[in-house]
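# Structure at a glance
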Amino acid sequence: MTPSPSSGARLGGAASASLLGRSARLLVALVVLLVLTVGVVLGGSLAAAATPQGTTAGTTAGAATETEDAVTLEVSSLQPTVLGPGATLTVTTRVTNGTAETLGAPEVALGVDRRVLSTRSALESWTTTGLDGRVGVGVTSQGLEAPLAPGESAEVTLTATVAELTLNAGSDWGPRGISLTVSDGGARLAVQRTFVLWEPSSEVTPLRLSVVAAMTGPPVDPDPQAYDDALSAAVGTDGRLGRLLAATGGTPEVAWVADPALLAAAAVAADPAVNGWADAVSAGSAGRSTFALRAYDPDVAAFAHAGLALPAGTPLPTAQDLTTDDDATTGDTKATNAASGEPTDPASGWRTDLAWPGDAVPDLATTTLAAASGATATVVGPGGLVPDESLTYTPSGVAEVATAAGPVKALVADAVLTALLSAGDGSGVTATQRILAETAVIARERPAEQRHVVVALPRSWEAEPTLFTARLDALRSATWVDLAPVDDLLASVPPAVERAPLPDSGAPEGEITVAQLRALDRSRTDLAAFATVAADPTTITRPLEPGFVTPTAVAFRAAEPSRTLAVQHAEQQSTAVQGSLSVQTRAPFLFVAEEEDLPVRVRSTLEQDATVEVVLRPDDPRLRAPERRTVTIPAATRDADGDLVATETSVGVPVEGFGSGNVTVEVELVSAAQPQVRVAEPQEFIVRVRADWESVGTAVIAVLLALTLVAGIWRTVRRGRSPRRLAGATADQPAPPAQDRAQAPDAPPTPPARRDEERVE
């Protein structure tokens, strides 16, 4: 039978078509719902995966959707930070309309995720979930009293009992996620996520937590007045060092790692406010873990990469260093003044075995040099020595690093806690709650095992004293946290966990160049050699030592042009002191002897006696200087006006001349101590050698004397033949006169005439 149009067969076919349409529509709806769900889940996961560990605090610090031209939400107060039975949660939030439209009926809702967040990745996921992500179960809401115009802000306070949060005595202790959502007309505009903590119902093994802060100053300017001004600004109320002291001075749990030169400079500064800061540091060091770096905080990495040893024993600043201007052109420098005594070291008694390189993650070469320089431990910031990914818990923040100079303990900073604890303005309550949540999760990871983590505040940390103090107070009041000295962590045995190694070597941005380091090293070496002219060479070298080290400070990484000037200033000072001794030039000298002392004048502007050897180097064999003469030049003095009065000394150097000619003689001053080095620029002058003049002159004089003798003899002989002398006469009995000889024989004899005495010329 052929079915008619009104038959059951036709009706059955229509019913099947209708059922098929409804099924198709249901299937499409389910597919759309599944796609949306997967999108939300993957969106939250991708957001969490894309957030680096080091930027976690940045996400937590501000509103989750805090951007320009948007509605933002900030938690300004959350009390109590830890909930217990019978407590009431009170949250105050500030809503800001950053859009160009008025919010007609804005409302803030409080939601809670009732599950305990038991892993650190779960905390990260909650804080990084996007605007459309999960917000938990709604607890309460509160509308604003009036529409919110563009640019306006308003505060809303929400309260909820622990019962409304579904927390009771049987609930597991630990963190729960809460959310604050702003909506207008049902449209979600902003979400801020944070945490509440449910306190333990029984005693738990606390997590030990240490904090270290670097106390290093601004770059040391070669101009004492400029450095004084920089120091005053740094330790002021709004200065970095002033705020660091305000934040940590009252919390002895925070260890200080300081530059002793900074503390010494502050102690002797002309500004009383700077002196007060130094006194406060001295008082605050009692009962605290304290470590002293090398004076002036030299960049360990730079010295390691240049292959140079780290400076040691650099003198600390004195009041004279910060107030005395130097005159590098005359040699009248601070180096010429012997120190009246060793400056007081404000860090005396502090530990000196901890290194804190300028890089957050030092390389192995830097760590090796630190170990070779006496450090037994070093600070490794966030991102270094990361535990193996397979590890399901947070290990203690100490590790052992093998170096060529021996093993070194590393204080491995926790990246998340370091970022949160050092977060500045804008982080507020959310960072504090995140810190509590992080420490609670770490303590819960291995309840039976006590671990010890460390926070290394950045070297350039700009402290917010109020926020930092509030966070430490919250940690101090948490029963699962024990604020402990870092000395205890250094004394502990590093856990046997696999960690990523330190990089072999690197080239940090702003590091002093190898050429600059070597130039400073040459200047220091040359000055040390020159200083041997003094009985105590340190009276010359020690006052200039800081100038060779200050340009290498880590602080100069952010001031490279100033560092270049500091390097040049150090070289100029060294050169000026080495020019303090000189040979005085003179007119040509006439040398007519075969052997004679050649006079040389030496001038000194050193304020110490200087012992040198004078060396003559003739350029011609007609003049030889077989000997050197050692002379001590008296120290320069100062007149009534304080001006330097140079001293001069003359010394005779034996020389030998041969023949005649003009000889150029180079006069050189060398140190008397071994090894001998040149200590003054050589000078030249002309010696007119006429050594044969002496022989010729002697011969002429001898000939003249001989001629005189011959003439005298000839004259004498000639006198003997005079007609006045008679034959037969003698000298004793001259002949009688003729008339006497003619006298009669019988006449009486005539008395002999008186003998004439003969003169012989």
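Summarised in this report is the structure supplied together with it. Since we're looking at a predicted model, the values are computed, not measured. (Residues numbered from 1 in each chain as written. Predicted model: local features only at pLDDT ≥ 70, side-chain atom pairs only at ≥ 80, totals over all residues. Heavy atoms only, no water.)

Our next topic: the overall build of the chain. What the chain contains, in helices and strands, is 20 helices and 28 strands. Contacts in the chain between residues at least 24 apart in sequence constitute 77% of all its contacts with a sequence separation of at least 6. (Helix = DSSP H or I, 4+ residues; strand = E, 2+ residues; numbered from the N terminus. Contact = heavy atoms within 4.5 Å.)

End to end, helix 15 (residues 514-530) covers 24 Å across 17 residues, agreeing with the expected 24 Å (1.5 Å per residue, within 8%). Those residues of helix 15 that are buried lie in contact with helix 8 (300-306), helix 16 (538-541), helix 17 (545-549), helix 18 (560-578) and strand 18 (581-583). (Expected span 1.5 Å × (residues − 1).)

Further remarks concern the pairing of strand 13 (residues 377-380). Here strand 13 shows two buried faces, one formed by Ala377 and Val379 and the other by Thr378 and Val380. By the bridge criterion, two bridges tie strand 12 (residues 354-355) to strand 13 in an arrangement that is parallel. Paired with Leu354 across the bridge in strand 13 is Ala377. Bridge analysis of strand 13 against strand 15 (residues 408-412) gives four bridges, and the strand direction is parallel. (Buried < 20%, exposed > 50% of the residue type's maximum accessible area, 1.4 Å probe, protein only. Pairing = 2+ DSSP bridges.)

Let's shift gears to the sheet that holds strand 3 (residues 88-97). What the three strands build is an open sheet, ordered 1-3-6; its pairing is antiparallel. Whereas interior strands pair on both sides, the edge strands pair on one side only; in this sheet they are strand 1 (71-79) and strand 6 (153-161). Sheet twist, expressed as the mean angle between neighbouring strand axes with direction ignored, is 25°. Alignment of strand 3 against strand 6, held across nine bridges, turns out to be antiparallel. Note that in strand 6 the partner of Thr90 across the bridge is Thr159. (Axes fitted to C-alpha atoms, helices over the stretch in contact; angles between N-to-C directions.)

Here we come to a nonpolar patch on the surface. A contiguous nonpolar surface patch, about 280 Å² in accessible area, is contributed by Leu709, Ile713 and Val717. Note that Val717 resides in helix 19 (residues 693-720). A residue is classified by how much of its surface remains accessible, and Val717, at 43% relative accessible area, is partly exposed. (Patch = residues over 30% accessible without salt bridge, like charges linked within 9 Å, V, L, I, M, F, W, Y side chains within 5 Å. Areas by Shrake-Rupley, 256 points an atom, 1.4 Å probe, with all protein chains shown as cover. Salt bridge = Lys/Arg side-chain N within 4 Å of Asp/Glu carboxyl O.)

If you walk across this open sheet you meet the four strands as 12-13-15-14, and the pairing is mixed. On the outer flanks of this sheet lie strand 12 and strand 14 (398-401), each paired with one strand and no other. Where strand 14 meets strand 15, four bridges bridge the pair, whose relative direction is antiparallel. Residue pairing across strands places Ala399 opposite Ala410, the latter belonging to strand 15.

Okay, the pairing of strand 7 (residues 174-184) next. Counting buried residues along strand 7, 11 of its 11 residues qualify, which places the element largely inside the surrounding structure. For strand 4 (residues 106-112) and strand 7, the ladder comprises seven bridges, and the chain directions are antiparallel. Looking at strand 7, one finds that Gly111 is bridged to Ser179. Relative to strand 8 (residues 187-198), strand 7 runs antiparallel, the two sharing 11 bridges. When the sheet's bridge partners are listed, Pro175 is paired in strand 8 with Leu197. The antiparallel hairpin formed by strand 7 and strand 8 contains two residues in its connecting segment, where Gly185 sits at a positive phi of about 65°.

Counted at 1.5 Å a residue, the expected span for helix 4 (residues 224-235) with its 12 residues is 16 Å, and the 17 Å between its end C-alpha atoms agrees. Here helix 4 has its buried residues at Pro224, Tyr227, Asp228, Leu231, Ala234 and Val235. In an axial view of helix 4, the angular spread of the buried residues amounts to 130°, which keeps them on one side of the axis. (Arc of directions from axis to C-beta.)

This part takes up the pattern of salt bridges. Under the defined criterion, the tally for this structure stands at 29 salt bridges. For Arg557, the salt bridge goes to Asp359, with nearest N and O atoms at 2.7 Å. Of this pair, Arg557 sits in the loop between helix 17 and helix 18 while Asp359 sits in the loop between strand 12 and helix 10 (364-372), and the two are 198 residues apart along the sequence. Like Asp359, Arg557 is buried. In this structure, the salt-bridge partner of Glu607 is Arg638, at a minimum N-O distance of 2.9 Å. Note that Glu607 is positioned in the loop between strand 20 (595-604) and strand 21 (610-618) and Arg638 in strand 24 (residues 637-638), a separation of 31 residues in sequence. For Glu607, a relative accessible area of 23% translates into the label partly exposed. Among the charged side chains, a salt-bridge network with shared partners connects Arg120, Glu124, Asp414, Arg434 and Glu438.

Our next topic: the packing of aromatic side chains. Going through the model one piece at a time under the given rule, you end up with two aromatic pairs. Across from the ring centre of Trp173, 5.9 Å away, lies the NZ or CZ of Arg444, which sits over that ring. Here Arg446 stacks its cationic end above the ring of Tyr393, 3.7 Å away from the centre of that ring. (Phe/Tyr/Trp six-rings, centres within 6.5 Å; stacked < 30°, edge-to-face > 60°. Lys NZ or Arg CZ within 6 Å of the ring centre and 35° of its normal.)

What follows is about the environment of Val408. Examined against the element boundaries, Val408 turns out to sit in strand 15. Put simply, Val408 and Ala370 are 38 residues apart on the chain and 8.8 Å apart in space, counted from C-alpha to C-alpha. Excluding its chain neighbours within four sequence positions, the residues that come into contact with Val408 are Thr367, Ala371, Ala375, Thr376, Ala377, Thr378, Ala399, Glu400, Val401 and Thr403.

What follows is about the nonpolar core. Ranked by size, the top nonpolar core spans 55 residues in total, and within it Met215, Trp277, Phe468, Leu475 and Trp480 carry the most contacts. For this core, the leading source of residues is helix 12 (residues 428-445), giving six residues. In contact with Leu475, other than residues within four places in its own chain, are Leu209, Leu421, Ile435, Leu436, Thr439, Val481 and Leu483. Judged by nonpolar contacts, the second largest core, of 52 residues, contains Leu517, Ala531, Phe548 and Val679. (Core = buried A, V, L, I, M, F, W, Y, C linked by side-chain atoms within 4.5 Å.)

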